[in-house]
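Coordinate analysis (summary)
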Amino acid sequence: MSRVVFGVRPIEELCRARPREVVIVYVADGYRSKEIEAAVAVAKDRGITVEFRPRALVADLAASPNHQGMAAVAGEFQYARIDEMLGAATAANEPALLLILDCITDPQNFGALVRSAEVLGAHGVIVPDKHAAPVTGSVVKASAGASERMRIARVHNLLGTIDWLREQGIAVWGGAAEGAIQLDQADLRGPVALIIGGEGRGLRTAVARRCSSLVQIPQRGHVASLNASVAGAILLYEAVRQRGMSPQLTRG
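Calculation rules
Counting restarts for each chain, with residues numbered from 1 along the sequence as it is written. This being a predicted model, a pLDDT of at least 70 is required before a residue's local features are given, and a value of 80 or more before pairs of side-chain atoms are given or counted; all residues contribute to the totals for chains, interfaces and linings. Side-chain measures here rest on the full set of heavy atoms in the structure, leaving out hydrogens and waters. Axis definition: a line fit to C-alpha positions, over the contact stretch in the case of helices; interaxial angles, taken between N-to-C directions, run 0 to 180 degrees. Helical segments are the DSSP runs of H or I of at least four residues, strand segments are the runs of E of at least two, and each set is numbered from the N terminus. Angle categories are assigned with fixed cut-offs, so that under 35 degrees is roughly parallel, over 145 is roughly antiparallel, 65 to 115 is roughly perpendicular, and the rest are oblique. It is the rotation of the near helix from the far one that decides the hand of a crossing: anticlockwise by less than a right angle makes it left-handed, clockwise makes it right-handed. Should any heavy atoms of two residues lie within 4.5 Å, those residues are counted as being in contact. Gly falls in the polar group here, along with every residue not listed as nonpolar (Ala, Val, Leu, Ile, Met, Phe, Trp, Tyr, Cys, Pro) or charged (Asp, Glu, Lys, Arg). DSSP-based pairing: two strands are paired if at least 2 bridges between them are found. Note on aromatic contacts: the rings of Phe and Tyr and the six-membered ring of Trp form a pair at centre separations within 6.5 Å, being stacked when their planes are under 30 degrees apart, edge-to-face when over 60 apart, and tilted otherwise. By convention a nonpolar core is built from buried Ala, Val, Leu, Ile, Met, Phe, Trp, Tyr and Cys residues, the set being connected through side-chain atoms within 4.5 Å. Exposed residues in this analysis have more than 50% of their type's maximum accessible area, buried residues have under 20%, and partly exposed residues fall in between, with area computed by a 1.4 Å probe over protein chains only. Here the arc refers to the directions that run from the helix axis out to each C-beta atom. With the strands aimed away from the viewer, a crossover counts as right-handed if its path from the first strand over the helix to the second runs clockwise. Here a helix's expected span is defined as the number of its residues, less one, multiplied by 1.5 Å. Polar contact is defined as a pair of N or O atoms within 3.5 Å, subject to the rule that within protein one atom must be able to donate a hydrogen and the other to accept it, and that residues adjacent in sequence are counted only when both atoms are side-chain atoms.

Two elements in contact, helix H1 (residues 8-17) and helix H2 (residues 34-45), have axes separated by 9 Å at closest approach and are oriented at 20°. Between H1 and H2, the angle falls in the class roughly parallel. H2 is crossed by H1, and the crossing has left-handed handedness. Contacts between H1 and H2 involve Val-8, Glu-12, Cys-15 and Arg-16 from the former and Glu-35, Ile-36, Ala-39, Val-42 and Ala-43 from the latter. Grouping the amino acids of the contact of H1 with H2 by side-chain chemistry returns six nonpolar, no polar and three charged.

Set out below in structure tokens:
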């Protein structure tokens, strides 16, 4: 089953990271920029066909006004396995750092969380296969293409997955609004999986009960809570900060 990726940066990252999955790249007539030229150059360098087509065709294909003049047809997104994530951590001689999304349904939040995970060096993102957004073109766009580089696993039984991770010696920390350890008091230096709850509802009760501990981000303002994607970025950054790592952006 094919999928459509749109936006200049997402398509460039798709062509860099998964060139064999890209069937064709379309550029809308009249769209010209240094960024588009760079993305086209990457596609052609990887042997990917690039065609210029009418704006209406690209817009219809993307089904979004945010296509930025580019759309690509690619193969179905290839989800990763959790053991691949743990293997990547072992290969890098790093304690595992995973992000679990409990029923995140907004593609924008999903994409932003994947982007933060990739930038901050997480080894993988885990999502349930129900009541959660899949990796769509909108998610790829919101992640600025980071979804094409990040290992993303889709699991049928999220509760069972949490239990299994704990059996592997991975501490599972759930982000909570109250009744939890303050973030600056949480020890995130070892192998950890951080869970972010769904928009508006937070962690499901059954998920919270499965966690090793709950962690709360200190707040001084009056707004009830942080956006899910912001909370996830803060938790990830704190884990990286405690480990003394300095993520470096690389281009492939």
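Resuming the write-up.
So, about the sheet that holds strand E9 (residues 181-182). Across the sheet, seven strands lie side by side as E7-E6-E5-E10-E8-E11-E9; this open sheet has parallel pairing. Either end of the sheet is taken by a strand with one partner, and the two such strands are strand E7 (152-155) and E9. When strand E5 (residues 97-102) meets strand E10 (residues 192-197), the two strands line up parallel, connected through six bridges. Directly across from Leu-98, in E10, lies its bridge partner Ala-193. Sitting on the sheet, helix H9 (residues 228-243) touches E5, strand E8 (171-175), E10 and strand E11 (213-216), and the angle it makes with E10 is about 165°.

Turning our eyes to something else, we now look at unusual backbone geometry. Of note, the phi angle at Ala-63 is positive, near 55°, even though the residue is not glycine. If you trace the backbone, Ala-63 turns up in the loop between helix H3 (55-62) and strand E4 (70-74). Despite not being glycine, Cys-103 has its phi angle at roughly 65°, a positive value.

This part is about the packing of aromatic side chains. Going through the model one piece at a time under the given rule, you end up with one aromatic pair. Ring geometry for Phe-77 and Tyr-79: centres 4.9 Å apart, planes at 75°, overall edge-to-face.

With 53 residues, the main nonpolar core has Val-25, Met-70, Leu-99, Leu-101, Phe-110 and Leu-194 as its most contacted residues. Looking at this core element by element, the count peaks at six residues for H9. Residues contacting Leu-99, with those up to four places away along its chain left out, are Leu-113, Ala-117, Gly-124, Val-125, Ile-126, Leu-194, Ile-196 and Leu-236. Leu-86, Ala-153, Leu-203 and Val-207 belong to the second largest nonpolar core, which has 20 residues in total.

Let us look at helix H4 (residues 82-91). Residues Ile-82, Met-85, Leu-86, Ala-88 and Ala-89 constitute the buried set of H4. Within H4, the buried residues cover an arc of 155° as seen down the axis, which keeps them to one side. Seen from the buried face of H4, the exposed residues on the opposite side, beyond 90 degrees, are Thr-90 and Ala-91. Check the buried side of H4 and you find it contacts E5, strand E6 (124-128), E7 and helix H7 (158-167). Where H4 ends, the next residue or the one after it, Asn-93, has phi of about 55°, a positive value.

Another point: the pairing of E7. Both E6 and E7 contribute to a ladder of four bridges, which runs parallel. By the bridge assignment for E7, Pro-128 is matched with Val-155. Handedness of the crossover joining E6 and E7 through helix H6 (residues 137-142) is recorded here as right-handed.

With that out of the way, let us pick up the pairing of E11. Sheet topology places E8 next to E11; three bridges connect them, and they run parallel. Looking across to E11, one finds that Gly-174 is bridged to Leu-214. Bridge count between E9 and E11: two bridges; the pairing is parallel. Note on E11: the bridge partner recorded for Gln-182 is Gln-216.

Glancing now at helix H5 (residues 107-119). Given 3.6 residues to a turn, an α-helix orients residues that are three or four positions apart in the same direction. Here H5 spans 18 Å end to end across 13 residues, near enough to the 18 Å set by a 1.5 Å rise per residue. Those residues of H5 not exposed but buried are Asn-109, Phe-110, Gly-111, Leu-113, Val-114, Ser-116 and Ala-117. Residue Asp-106 occupies the N-cap position of H5, its side-chain oxygen lying 3.0 Å from the main-chain nitrogen of Gln-108. Backbone geometry just after H5 places Gly-121 at a positive phi near 85°.

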